[in-house]
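Descriptive analysis of the structure
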Amino acid sequence: MANESPSAADGTSRPVTIFGPDFPFPFDDWITHPAGLGSIPEEHLGAEVAIVGAGISGVIAAYELMKLGLKPVVYEASQMGGRLRSQQFEAAPTGVVAELGGMRFPVSSTTFYHYVDLLGLETAPFPNPLTPASPSTVIDIEGVTHYAERLDTLPELFNEVARAWADALESVEFTRIQDAIRARDVTTLKSLWDRLVPIWDDRTFYDFVATSDAFSKLSFHHREVFGQVGFGTGGWDSDFPNSMLEIFRVVMTNCDEDQRLVVGGVEQVPRGLWDHAPSNLIHWPAGTTLAALHSGATRPGVARIAHADNGFAITDVWGVVRHFPAVLTTCQSWVLTTQIECDESLFSHKLWTALDRTRYMQSSKTFVMVDRPFWKDKDPNTGRDVLSMTLTDRLTRGTYLFDNGDDKPGVICLTYSWMSDAMKMLPHTVEHRVRLALSALKKIYPDVDIASHIIGDPITVSWEADEHSLGAFKGALPGHYRYNRRMYSHFMQDDLPADERGIFLAGDDVSWTPAWVEGAVQTALNAVWGIARHFGGSTHPDNPGPGDVYAEIGPIELPD
Ligand SMILES: Cc1cc2nc3c(=O)[nH]c(=O)nc-3n(C[C@H](O)[C@H](O)[C@H](O)COP(=O)(O)OP(=O)(O)OC[C@H]3O[C@@H](n4cnc5c(N)ncnc54)[C@H](O)[C@@H]3O)c2cc1C
């Protein structure tokens, strides 16, 4: 997908970013504007806000609320960072990690990168298939192995599939939508996108592919290849049952393009913000950090959220009760009905339905550390890399190679899979998972002894087995647009009954772009706006916030 851009209204040209399409608000501009995010009335400065969860949305909301002069009180049941978890290999040099959750971050995630840059973290291109960051790619499908360094060196079938996908997207005005995103032309973007919502909310990704003119002209095998290897980031077929709107958002905002990793692990972002002293604090003395406001560490997990006089009573897992005038929950929404005892009156029944109908996808990853990036060795017979980034229809699905430099151990993500492929791994021990993956890879690389390079202990994760997550990320099904809109719009509380105000939602599963960190960040910023307003705060006229323009450009409403 080309990145040339037409000119924006002000004569400058911008790249494609995660700007809408449902709610085209410039979160990246809002947070960098010199006027700041707003102000809170004097009498509320220092007021406490409970934040449930220290993943990226909880930490960013806490950081921005602290800057506004409120006192965030963050509770975490498990690990800070949540699904941005970088697990260090035992006894390895610092920074040799397994990225258990998010690992490849599209440059279109401009709000997320604002915080990465604020912390001065180094990033590097992610070794995706057929990108310059992967020296070579192997596609192994139906027992036939293809080796390539670029897409155009693969057999014609793969190029036909790539062209069919591009043509299918053009049938829904892909280029015009991307041009409107680049130009930040809200009127055009909304008119193009809002037309697609009622049509494609009811239909699956598979339906779109199978009924498109472009794929209908080709064989079933083309569709199969598309599902099994995909393009950009790897296989797509795990997403085939999802609402097509969700896939449109991914490709139209370039989530699947130009992705980078955070050198040394993405967990440095939430941890870094925890310790970062912002320069423009209101109310708090210079040098104040989230860590300092919390005596160093988060409070324990939350066991109960209840209404109380003038707000909410939060009970932690040790039975300690504290009262707050406002609460932000950032845990996955199923946690609110399975782990935390919540007063039913916190939300309307319609919102509870939306929260509980959320559908999570499963995901499993298994990593090993190896003595060196041996995959760059050349096979003496073929002259090719001995091992490549590998996409396959076998058990492993995607194998990724992380080169930490010739002087450091390398890391191999032996298998990264979703949905039924992840479920195949669920009951197995880490050792068995490694054996299964090695055995699948042996069929593709019969002469390579990967096991002989393994050092240290392997690392694995199944997010659906984590009681504090219950799944990897939302994957909305057909008919879920209305649910998504209810959850996303909940930060706009002026029209809610008084007893439903003051509790806010943020995070990946409230967003329009689940599985992409930018959605978690943007919903955190919506919540910051909502919480500031709850305390009678307002934004600067030169820098209106998401809630100030929501009525005008918010997500289209479908009839109930
Ligand atoms: C396998 C996987 C791959 C991904 N890949 C990418 C990628 O490549 N690129 C990308 O941009 N994004 C990716 N993502 C998405 C990204 O990781 C998420 O969008 C983001 O990390 C979500 O942040 P969050 O704050 O919304 O939720 P979380 O990180 O889940 O934070 C919620 C927190 O709430 C805590 N919690 C739960 N219960 C309680 C309780 N009772 N009390 C207190 N705290 C509680 C949890 O422990 C957790 O820390 C991926 C996610 C996964 C799982």
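Keep in mind the model is a prediction, meaning the values are calculated, not measured. (Residues numbered from 1 in each chain as written. Predicted model: local features only at pLDDT ≥ 70, side-chain atom pairs only at ≥ 80, totals over all residues. Heavy atoms only, no water.)

Across its full length, the protein chain carries 19 helices and 22 strands. Here the C-alpha atoms of the protein chain give a radius of gyration of 23 Å, agreeing with the 24 Å that 2.2 N^0.38 yields for 560 residues. The C-alpha extent of the protein chain, read off along each of the three principal axes, is 75 × 55 × 45 Å. Buried residues in the protein chain amount to 58% of all 560 residues. As displayed, the protein chain has an accessible area near 21400 Å², and 51% of this comes from carbon and sulfur atoms. Charge-centre separation for the protein chain: the mean point of 44 positive side chains lies 2 Å from the mean point of 73 negative side chains. (Helix = DSSP H or I, 4+ residues; strand = E, 2+ residues; numbered from the N terminus. Rg over C-alpha atoms; globule rule 2.2 N^0.38 Å. Buried < 20%, exposed > 50% of the residue type's maximum accessible area, 1.4 Å probe, protein only. Areas by Shrake-Rupley, 256 points an atom, 1.4 Å probe, with all protein chains shown as cover. Lys, Arg positive; Asp, Glu negative; His and termini not counted. Charge placed at Lys NZ, Arg CZ, Asp CG, Glu CD.)

Pairing in this open sheet of four strands is parallel, and the strands run E2-E1-E13-E22 from one edge to the other. Two strands lie at the open edges of the sheet, namely strand E2 (71-75) and strand E22 (503-505), each paired on one side alone. When the angles between neighbouring strand axes are averaged without regard to direction, this sheet yields 20°. Two strands pair when backbone bridges link them, and strand E1 (residues 48-52) and strand E13 (residues 326-329) are joined in this way by four bridges, in the parallel orientation. Paired with valine 52 across the strands is threonine 329, a residue of E13. Along the sheet face, helix H2 (residues 56-68) touches E1, E2 and E13 and points at about 170° away from the line of E1. (Pairing = 2+ DSSP bridges. Axes fitted to C-alpha atoms, helices over the stretch in contact; angles between N-to-C directions. Contact = heavy atoms within 4.5 Å.)

The next subject is unusual backbone geometry. The step from glycine 20 to proline 21 runs through a cis peptide bond, and the omega angle for that step is 10°. By secondary structure assignment, the location of proline 21 is in the segment before helix H1 (27-32). In the Ramachandran plot, glutamate 142 falls in the positive-phi region, its phi being about 50° despite a non-glycine side chain. The topology assignment puts glutamate 142 in the loop between strand E7 (137-141) and strand E8 (144-148). In the Ramachandran plot, leucine 470 falls in the positive-phi region, its phi being about 65° despite a non-glycine side chain. Here leucine 470 shows up in the loop between strand E20 (454-462) and strand E21 (473-474). Residue leucine 470 is classed as partly exposed on the basis of its relative accessible area of 23%.

On to a nonpolar patch on the surface, then. Where nonpolar side chains cluster on the molecular surface, the patch consists of Val317, Trp318 and Val320 and spans about 350 Å² of accessible area. Relative to the elements of secondary structure, tryptophan 318 occurs in the loop between strand E11 (311-316) and strand E12 (321-324). (Patch = residues over 30% accessible without salt bridge, like charges linked within 9 Å, V, L, I, M, F, W, Y side chains within 5 Å. Salt bridge = Lys/Arg side-chain N within 4 Å of Asp/Glu carboxyl O.)

What follows deals with the packing of aromatic side chains. Under the definition given, this model contains 36 aromatic pairs. Relative to tryptophan 352, the ring of phenylalanine 347 lies with its centre 5.1 Å away and its plane at 75°, an arrangement referred to as edge-to-face. Taken as a pair, phenylalanine 347 and tryptophan 352 share a single burial class, namely buried. For the pair tyrosine 488 and tryptophan 512, a centre-to-centre distance of 5.6 Å together with 40° between the ring planes defines the contact as tilted. With tyrosine 488 in helix H17 (residues 481-489) and tryptophan 512 in the loop between E22 and helix H18 (517-534), this pair connects stretches of sequence that are 24 residues apart. Accessibility classification places tyrosine 488 together with tryptophan 512 in one group, the buried group. Every member of this aromatic cluster is reached through a ring pair, and the members are Phe23, Phe25, Phe27, Trp30, Tyr481, Tyr488, Phe491, Trp512, Trp529 and Tyr550. Just above the ring of tyrosine 416 sits the side chain of lysine 365; from NZ or CZ to the centre is 4.5 Å. (Phe/Tyr/Trp six-rings, centres within 6.5 Å; stacked < 30°, edge-to-face > 60°. Lys NZ or Arg CZ within 6 Å of the ring centre and 35° of its normal.)

Moving on, we come to H2. If you check H2, its first and last C-alpha atoms are 18 Å apart, about what 13 residues at 1.5 Å a residue would give, namely 18 Å. Of all 13 residues in H2, 13 are buried, a share of seventy percent or more. Taken from the residues just after H2, glycine 69 is the one with a positive phi, measuring 100°. (Expected span 1.5 Å × (residues − 1).)

Per the counting criterion, the structure on display carries zero disulfides. The structure places no disulfide on cysteine 255, whose sulfur is separated from the nearest cysteine sulfur, that of cysteine 413, by 20 Å. We classify cysteine 255 as buried; its relative accessible area is 0%. Cysteine cysteine 342 is unpaired, with the sulfur of cysteine 331 as its nearest cysteine sulfur at 7.6 Å. (Disulfide = S-S within 2.5 Å.)

In this section: the site of the ligand. Residues in contact with the ligand amount to 38 residues; listed here are only the nearest, Ser57, Glu76, Arg83, Arg104 and Asp508. Between serine 57 and the ligand, the recorded distance is 2.6 Å, taken from a side-chain N or O atom to an oxygen atom. Here arginine 83 contributes a side-chain N or O atom positioned 2.7 Å from an oxygen atom of the ligand. About the coverage of the ligand: the protein hides 98% of its 1000 Å² of free accessible area. Those elements giving two or more residues to the shell around the ligand turn out to be H2 and H18. (Near = heavy atom within 4 Å. Polar contact = N/O pair within 3.5 Å; in protein donor to acceptor, adjacent residues only side chain to side chain.)

If you trace the backbone, isoleucine 199 turns up in helix H6 (residues 186-200). Looking at isoleucine 199, the relative accessible area reads 43%, which means it is partly exposed. For isoleucine 199 and tryptophan 236, which are 37 residues apart along the polypeptide, the C-alpha to C-alpha distance reads 21 Å.

Looking now at the pattern of salt bridges. Taken as a whole and judged by the stated rule, the model has 32 salt bridges. Aspartate 343 is paired through a salt bridge with arginine 304; the nearest N and O atoms lie 3.2 Å apart. Here the residue aspartate 343 occupies a position in the loop between strand E14 (341-342) and helix H14 (349-357), and arginine 304 occupies one in strand E10 (residues 302-308), the gap between them amounting to 39 residues. A salt bridge links lysine 376 to aspartate 406; the shortest N-O distance between them is 3.0 Å. Remark: aspartate 406 occurs in the loop between strand E18 (398-402) and strand E19 (410-418) and lysine 376 occurs in the loop between strand E16 (363-370) and strand E17 (389-392); sequence separation between them is 30 residues. Residue lysine 376 is classed as partly exposed on the basis of its relative accessible area, which comes to 31%. What you see here is one network of salt bridges that share partners, running through Arg14, Asp28, Asp29 and Arg184.

Two modes of strand pairing occur in sheets, parallel and antiparallel, and in both the strands are linked by backbone hydrogen bonds. Strands sit in the order E5-E9-E6 across an open sheet of three strands; the sheet is antiparallel. The open sheet terminates on both sides in strands that have one partner only, identified here as strand E5 (105-106) and strand E6 (123-125). Taken together, the three bridges between E6 and strand E9 (residues 259-262) define a ladder with antiparallel strand orientation. Bridge pairing links proline 125 to arginine 260 in E9.

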